[in-house]
Each structure stands twice: as structure tokens, then as C-alpha cells.
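# Results of the structural survey
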Amino acid sequence: MPRHLLSMSDLDAAAIRTILDTATQMHEVQHREVKKIPTLRGRTIINLFFEDSTRTRSSFEIAGKWMSADTINITGKGSATSKGESLRDTVRTIDAMGVDAFVIRHGASGACHQVAGWVDAHVINAGDGTHEHPTQALLDAYTMERRLGSLEGRHVAIVGDLTHSRVLRSNLISLRRLGAAVTLVAPPTLMPSGITSWAHRDGFTVGHDLDAVLGGEGARPVDALMMLRVQKERMSGGYFPTAREYTVGYGLTRDRLARLTDLNPEIVICHPGPMNRGLEISADAADAAQSLVLDQVSAGVAVRMSVLYHLLAGADGGADAAARVPRSAWAGSAA
Amino acid sequence: MCPDTAVPPSSDQTQSSSSESTPATGEGRTVLGAGDISRALRRIAHEILEANKGADGLVLLGIPSRGVPLARRLAAIIAEVEGSAIPVGSLDITMYRDDLRRQPTRAPMPTEIPDSGVDGKVVVLVDDVLYSGRTVRAALDALADHGRPAAVRLAVLVDRGHRELPIRADHVGKNLPTSQSETVRVRLADFDDADSVTITGGVR
Amino acid sequence: MSALLITGARPLGGDAVDVLVRDGVVAEIGSGLDAPSDVERLAADGLTLLPGFVDLHTHLREPGREDAETIATGSAAAAAGGFTAVLAMANTSPVTDTAEAAERVLDLGRAAGLVDVQPVGAVTKALAGEELAELALMHRSRARVSVFSDDGRCVHDARVMRRALEYVRAFGGVVSQHSQDPTLAGSAACCHEGELSGRLGLPGWPAVAESSIIARDAQLARHTGSRVHVAHVSTAEGVEVVRWAKSAGIHLTAEVTPHHLLLTQDRLSGYDPTFKVNPPLRPREDVEVLRAALADGTIDAVATDHAPHARHDKEHAFVDAAFGMLGLETAFAVVHDTMVRSGALDLAGLADRMSLAPARIAGLSDHGRAIEVGAPANLVLVDTDGGHTVDAAASKSLSRNNPWHGMSFTGAVHTTILRGRVTASPEESA
């Protein structure tokens, strides 16, 4: 296992498989009367959230607590500016207290990578800007596999505001590593930059016509449909003209859901939340039997327990107090 | 999940010369053959029934990995003797080990508690080798998180001595005096080619 | 009365000669020159003699951010890099948008005495892009400002740019434009727009945000009959427009930075803010085009865009960290390796791009002169075999945002001479 989980690319297929398998065991803890195992006793985990996220933060917090770690939540509100404390100072101050792991949510892409270079503790990316959200991708894979079995050879379509989505970027890596075929669907303005060469390099496909991808002639049948959140604020940024136009083109409407389930009753529908009901997903679709939305939330704890276990429990899992001494002298980093 | 190629974490946890550290060379001194193992299990099954005055309230929990098939075999013998099935399951102790920080992380194995649960039952923990006693200590902790048995008993195929905790087995297939530099290896047809217990290494 | 005899130096890499400098002026050139024994001697055997370098684009941070750089420390870094003149950008605090502010920079530069510090004036008041700064008063001041720039920001409003160009034409001024359409590449844009920015999730800075402004400014320069200078052109698309403008006879010049000649966008994959610069590092293909354009003269000059930053301004998340990197001390080594060693330019060509052309664009008559009798002795001795590895800790700059740390180069600056006086030498830096 890598020392940090900064990107899904830190995990090869075998490591992803190990984490998902362990999550199955962790899921069992979730259904016990006494939800507590001693595995991370004496470990301290800091949930350092520079952005609000009730869902992810509480999920990590519960995961840590059920494994007997001490979890402490710190909200680093307000964006860093040249006048505020630098990110490096913020994290090194906490690191100096002797914590074992940082779980970090930050509005800036790459913030977790940078922090990993500054601290002795392990760093787990809980979402960085529009870059990645690896534990979300892991729980998505876990949830889909519980319903569909192995994702090898399955076809997953991901629809929505892809350019601003860290969930997309992590899922692209994990789904491809697990052997799934992936098709991205969005209007061109909501596609990430350079998507054509990216798709060519990483072996996925890109489309702009949702109905053609879902049921067009010769289209590969879709096993899972992942709807990503579209923020209404993007309209003012000129990414699309109106909510209505978006929904007609790319929303999972009641009609689309009906056509889809006619084609494939086994299809599953994911959404990382929070949902804009009526915009990218209709209420009928969100609450349909095919919807995994609540399963995703439930799986979040088990998957995060698994990640914490694999990163923190083993031989080099804790921050080594002895190794900390020379670095805390703040020396030797002129470059 | 059935990672039968993984190193079995069931054996005792001391760093040196536990059964798990030996490559499967097939060499070494065979101390129990397939027939010996079969007879030992049959005897243990009868001991369990005798101590419990029948099969009522019995639950067998194997400690992965090799304790699990041993528990199933014991349950099968008991069912054959008593004429009715008894609950059998598995109890993984990975998350309860006291040496987690001394080794690379290992993937936990399934815990399967029978639907009847463990509350008020007589739980027999089953493992292949009893050595330092740390695995059993971890298993007792793990078991407590699943409920409150009326009693907990311990059945092992081999007791090789060198206890580090005040723990003893209720039912032993064979007491095997060893030195700590020796390695005891249990092979079971479920994972390996055939049933056997061998000793390798050590000063002879 | 002072004199310096340089012996055995090779002007522009040619045959070795001796050069006698007296009273800050080249007095004699020849072989086996004789001089009184009290004349200071500088043995330059094997070294190449070039006109002192001129940097069209330096940020010295004083006044306002003396914790990042001062005019004195920036001057020392410039001298160590072989420069004899630098143009100090206007985006200080306060902004150089008045005659008084410009004279203050000039005077602080003179007091430091290591390079000629020529202030650049702001185009608009406080760099706000709305009202013209006191352009003519700055020009009439002792500082004789003739290069104007809102660098760090683009003069985005076409009407304001048009007026600025018209206005400076009266006294032969030039507007150096930071070509970045802020509607296409906003203030957060920090990664070349393409697959990499898509993968990294960093706000993209598309080439068209540069080329569209260059195209507009070229049209405005033609319309007004004035001169425009393109600061730090960084893309193939930008070069294409520059080439077109020149072929159309428009008075447009362009500069490229050393970092855009060598470093590529891949450096961003680790999110190290040391490599965050504006415009951003570009793909390898752009780097190749920039080198070719510098070689064929489409790009007139190399300018460093030396941008020191205090450590705490760089230690933020990548998108929040300050833009800019050091460049003065390493400029020659980078240009020598990328352009001369590759055969794209000879040493005379390097002297043109790093001294003659920038001096001409900036109107600095004492700099960028041929090495001939009567010319001011603003000179630099370089060792084209001076292999070395850059050590950020050894920099004269106050700042350490040095992307070149640990990189090895084959050429090095040896000695810098400003009006006959040695301003940087190996002994001093050792």
C-alpha cells in the first residue's frame, strides 16, 4: 500500500481489490450491535476540511471512531491568501503535535499532494478542488460491485459537469483499472480540457448525445449510469444556457429512466450527492429500485475504514515520533 | 473472498518460527499424517460432546485460515454422531491483533457468525496450532464484540508450547514439544495437497 | 581616472584580444596591449567577451515587498547573471505610475551601483487598466521612462490600449503588453489549457488568450502608428501572430523568457508552486517553436521575468500561490544551453538577443553596443565551458523560488563589468 492516498493512481488494480475486499469485512462491523474494533487504538486522525462536506467528513469520522482512532475535526474555513497563514504553516503546526494521519478536503487541486510533502503523517485526499476524490471512487466501485458483481467488462456511463468533477477524475482511473469500459457524456463546455487525447490515451470514449450512448443503434449496453452534480451557478459562467435545456439534453428524467429500465432492468444508477433533483436527476430516478444512492452513503463508511486500516494499521502506519525530530527543526529546506 | 494463497494469519503471532513463516518445501519431519489428523479430530469431537453433554447450544468458530476447515470438519463429525447439524462459522482476528504495528498490513478474512448468534451459547474456538496464545487472546476480544457466550472453549489440532499468556486449550489433537527455533506447519487438504503436520528447522 | 586591462578574451567567441578600458569606456583593443603596472588586470584567457546583458523584464519588488527582493539584492543577482542594465517592472507597492516613483527607483538603482536600473512606468494608474498614468511626466523625469507596462495584468480594454499607444508615440515610448485576455484566462488560470490541466484539475490558460491579445495589439499598433512590445510570448499561436505582424510591417517586438525556452508544463504534475508562473509553462511543442522563433529573429529578445517571492507567498495551495520564478542569475546558462549549444544561435546571436535587441527596444544607448573603441565598457565575460549545477541557496536574490535548483548547465557567467568597474566576479560569488 502507498503511504498516502492522494490520487486513485496511487493504487494499482491489486491494491484497489484489496481495499474493496477489506471493505466487505468492514461492512460487517457496521451491522454489529457494538460498532467498535480496536484496530487503530492510539492513532490520531485529523479531519482537516477547508471546504464544507457533511457527508464525507462524517463518514471519515465514523470510520475512524469505529476503529478506535481518535478523530479530530478541524475546519480551515476561508481561502488561503498571501496575507493569511500559509497552508504549509497550517499543516505543519498540526503535524508537530504528533498526529498519525490527515484526511484533507481542500478547494484547491493538488493541495493534498503538497501537504504530503510537508508533513510526517499520512495524508488521505478527501477531495481536492477539481482534481480527485479517491475514496468516493472506491465506494462507487464497491457499491456497483455489490449489485453487479465484478466490474470487469462492464460498461459505465458518467454524465454531468465533468470538467469540475473530482469524482469523475478518480472514477476514470479506478474504473479503468478494474476493467470497466467507460463513456463520458456531457455538453462540450462541461468536458475537461484535452478530453480527446486523454480518452485516447486512457482508453475511454466520449459522447455528447446521452440518448445515443444509452440506447442508440449499435450502442454498447450500459450497466451502470453515474449521474454527477451540475451546479446551477455554472449557467452564469456560460457553460450551458438554462436548467431546462440541460435537463432535456442530459438529465435522467422519468422518460429516460423508463426507456433505460426497459432496455436493461438490471441497470444501476449512482450519484455521489448532493443531488439536484429535477436538474440532473429526476426524483423518480433518484428513488428508483435501480438507484444505489443510499447504498453509496452506507458503503462510504466501510470503504473509508478499509482505507484507514490499510494505510494506518500496519508496520509503518503511525507517524514515527523518532523520525519527526530532525524535520521539526524547520531546517534544510531552502529550496 | 477466499485468499487461500495468502499467508494464514491464524497461527500464533510471535515473529519467529511460527508455522506461517516456512515455505512449503514439503520437507521436514512429519509428526501427524492424514490418518492421525482424522483420528485426532474425531477424538476432539467426542470430547467436545462429552464436555458439553451433547450438542445443545454448541457453536463452532474457526479462526482463519486453517481453523475454519478444522471447525467445519469437527462440525461434520458432531453432526454425524448426533444426527443433527450444529452452527459453525468463522471468526477473523486480524483487527484485534496486538502486533498490527509490527508487520505490514494484511487483509482481513471473513467473519461469519451463524444466524443463531453467540449470546448464551457454548462457543468452541478452533485453530490449527496453539503457540504463544496471542491469537486466542485476540479471538476472545473479537468474540466479545459479537456477543456474550455462556462459555468459550478452545480446540486446537496441535499445542506446541511456549505460551506467552495464561491460556490453555480444552481440547488438543496432539501435544508437540518443540523448540522455538523450529517451525510447525499444518497442511490441510482444503488449502494444500493433503493433510499433514510437519516440523522443520531447529537444532537437532 | 581608472583603468582595467582585460587580456586574452574572445569578443563574441572570436580570436583572443586584449581590451583596455579607461574611464568606463573601451579605450583600446588589440593583441599584446601594454599598460602601466598600476592598471588593474583581468586575465580572461579562454573566456568569451560579450556586451553586458540587458533585461527588459525584471521584478525588483522595491518599494513594497522588500522581504522578497530589494533593488540592491536584485541588482546583485542581475550583475551575477551578467546583466549591466535591467528594466524594473512597475507593479510594486506603490506602483511606479508617477515621475517621483520612477525617479526613486532610478536613484535606488544608482545607489546600489551594480547595474543600471531603468524603471518601467505603469500604463494605467495603479495598474487598474482604466485611466492612463502620467506617461509623459515619467518620460520627462530624470528617469527618462520610455517603456510602459501594466505587467502582471493585461491592458485589456482596447480603448485604453489604443490611447496609450497613441500617447506614447509622441515621445517614442513603447507599451510592453502582458498579453492575457482575462475573460479567457482569468486570474486563477495557472496551467496551460489542455490534457494536463484537465487531468490535474487546474484552471486552464489557453494559448488563444495570448494570441488574441497580440493580434488585437498588433492591429492597434498599426492603426496608431505606434510601437508595441509583447512581453513573455509563450505559445506557438502567439509566435504565429508576432510573425504575421512583423511581415505586415507593424512596429511590434517580442521577448521570450529563459524558462519558456527550457521548462515544460510537465513540471506541474507534482503541484510544486515553484513552477507556477504567468504565462504558464507550455508543452514541449511550444518550447520548440519559441526556440526557432528566437533563432530566426521573430522573437527579438530574451527577458527574464525574474519574479522573486517570499517563501510564505509560495507555500499555499497551487492555485493560491504567487506566480513567478527567479531568472536573472541563470538566464545566460539557459540561453547558452538551449540556443548556442544546440546550434540555433551563435554567440553573436546570443549577444543580440540578450543585449543589443533589448537595449534597442528599451532605448538604452549606453548598453547593447558593439565591442569597439569609444563604447561604454558595459561588458560580460562568460565561460562557455563553465559547467555548473545551480544551488538555490547560493543566489544573490533574497528569494528562493528557484526552478533551476539542481539543474546542470554547461556555460556560466564569469565577470560582469559596468562602465569599466567589475560588478560580479567568481571570487566574489565564491
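Residues numbered from 1 in each chain as written. Chains lettered and ligands numbered in written order. Predicted model: local features only at pLDDT ≥ 70, side-chain atom pairs only at ≥ 80, totals over all residues.

Under the annotation held in an unreviewed UniProt entry, chain C carries the name Dihydroorotase and is attributed to Knoellia aerolata DSM 18566. UniProt lists a comment for chain C under the heading Pathway (unreviewed entry), and it reads "Pyrimidine metabolism; UMP biosynthesis via de novo pathway; (S)-dihydroorotate from bicarbonate: step 3/3." Its UniProt record gives chain C a comment under Sequence similarities (unreviewed entry), which states: "Belongs to the metallo-dependent hydrolases superfamily. DHOase family. Class I DHOase subfamily." (UniProt positions renumbered as here; feature names shortened; annotations may be inferred.)

Going by the annotation in an unreviewed UniProt entry, the name recorded for chain A is Aspartate carbamoyltransferase, with Knoellia aerolata DSM 18566 given as the source organism. On record in UniProt, under Catalytic activity (unreviewed entry), the comment for chain A is "carbamoyl phosphate + L-aspartate = N-carbamoyl-L-aspartate + phosphate + H(+)".

A tally of helices and strands in chain A yields 14 helices and nine strands. Scaling as 2.2 N^0.38, a compact globule of 335 residues should have a C-alpha radius of gyration of about 20 Å, and chain A matches this with 20 Å. With respect to the principal axes defined by its C-alpha atoms, chain A has extents near 65 × 50 × 35 Å. Counting over 335 residues, chain A shows a buried share of 51%. Relative to all contacts within chain A whose residues are 6 or more apart in sequence, the contacts with residues 24 or more apart total 75%. (Helix = DSSP H or I, 4+ residues; strand = E, 2+ residues; numbered from the N terminus. Rg over C-alpha atoms; globule rule 2.2 N^0.38 Å. Buried ≥ 20, exposed ≤ 12 C-beta atoms within 10 Å, placed from the backbone. Contact = placed C-beta atoms within 7 Å.)

On the side of chain C, 26 residues touch chain A, which itself brings 27 residues to the contact. Elements that contribute at least two residues to the side of chain A that touches chain C include exactly helix H3 (87–95), helix H4 (111–116), helix H6 (166–177) and helix H7 (195–202) of chain A. Within the side of chain A that touches chain C, the residues separate by chemical class into nine nonpolar, 15 polar and three charged. (Nonpolar A, V, L, I, M, F, W, Y, C, P; charged D, E, K, R; others polar.)

Residues and elements named next belong to chain A. If you trace the five strands from one edge of the open sheet to the other, you get S7-S6-S5-S8-S9, paired in parallel fashion. Only two strands of the sheet have a single partner each, and these edge strands are strand S7 (205–207) and strand S9 (268–270). On average, each strand axis in the sheet is inclined to that of its neighbour by 20 degrees, with strand direction left out of account. The pairing of strand S5 (residues 155–159) with strand S8 (residues 224–227) spans four bridges and is classified as parallel. Along S8, the bridge assignment pairs valine 159 with methionine 227. (Pairing = 2+ DSSP bridges. Axes fitted to C-alpha atoms, helices over the stretch in contact; angles between N-to-C directions.)

What follows is about the domain arrangement of chain C. Residues and elements named next belong to chain C. For chain C, the domain assignment lists domain 1 (3–48 + 376–429) and domain 2 (51–362). Look at where the C-alpha atoms of domain 1 and domain 2 centre, and you get two points 26 Å apart. Where the side of domain 1 that touches domain 2 is concerned, the elements lending two or more residues are strand S16 (379–383), strand S19 (412–418) and strand S20 (421–424). Of the residues in the side of domain 1 that touches domain 2, the class split is 14 nonpolar, 14 polar and two charged. (Domains from an automatic or database assignment.)

Looking now at the arrangement of the chains. Once contacts are tallied for each of the two pairs of chains in contact, the highest total is for chains A and C. Contact between chain B and chain C is absent, and the least distance between their C-alpha atoms amounts to 27 Å.

This next bit is on the UniProt feature "binding site: Zn(2+) 2" (unreviewed entry) in chain C. Residue and element names in this part refer to chain C. The UniProt record marks Asp151, His178 and His232 with the feature "binding site: Zn(2+) 2" (unreviewed entry), using the residue numbering of this structure. A maximum C-alpha distance of 10.0 Å is found for the annotated residues, which run over 82 residues; spatially they form one tight group. Relative to the assigned elements, aspartate 151 resides in the loop between strand S9 (147–148) and helix H4 (158–169). Setting aside anything within four residues of it in sequence, one finds aspartate 151 in contact with Met89, Asn91, Ser176, His178 and Ala231. Structurally, the position occupied by histidine 178 is in the loop between strand S10 (174–177) and strand S11 (191–192). Residues contacting histidine 178, with those up to four places away along its chain left out, are Ser149, Asp150, Asp151, Gly152, Arg153, Cys154 and Ala231.

With that settled, consider the nonpolar core. Judged by nonpolar contacts, the single largest core of 290 residues is most densely connected at Phe102 and Val159 of chain A together with Leu60 and Leu74 of chain B. Per-element accounting of this core gives the leading share, eleven residues, to helix H13 (residues 293–312) of chain A. What valine 159 of chain A contacts, discounting residues up to four positions off in sequence, is Val185, Ala186, Leu210, Leu225, Met226, Met227, Leu228 and Tyr250 of chain A. (Core = buried A, V, L, I, M, F, W, Y, C linked by C-beta atoms within 7 Å.)

Another point: the sheet that holds strand S6 (residues 53–58) of chain C. Residues and elements named next belong to chain C. With respect to topology, three strands assemble into an open sheet ordered S6-S7-S8, the strand pairing being parallel. The sheet is open, and its two borders are formed by S6 and strand S8 (116–119), each paired with just one other strand. Direction aside, neighbouring strands of the sheet carry axes that sit 20 degrees apart on average. By the bridge criterion, four bridges tie strand S7 (residues 83–88) to S8 in an arrangement that is parallel. Considered in S8, the bridge of leucine 87 is made with glutamine 118. Docked against the sheet, helix H12 (residues 347–362) engages S6, S7 and S8, running at close to 55 degrees with respect to S6.

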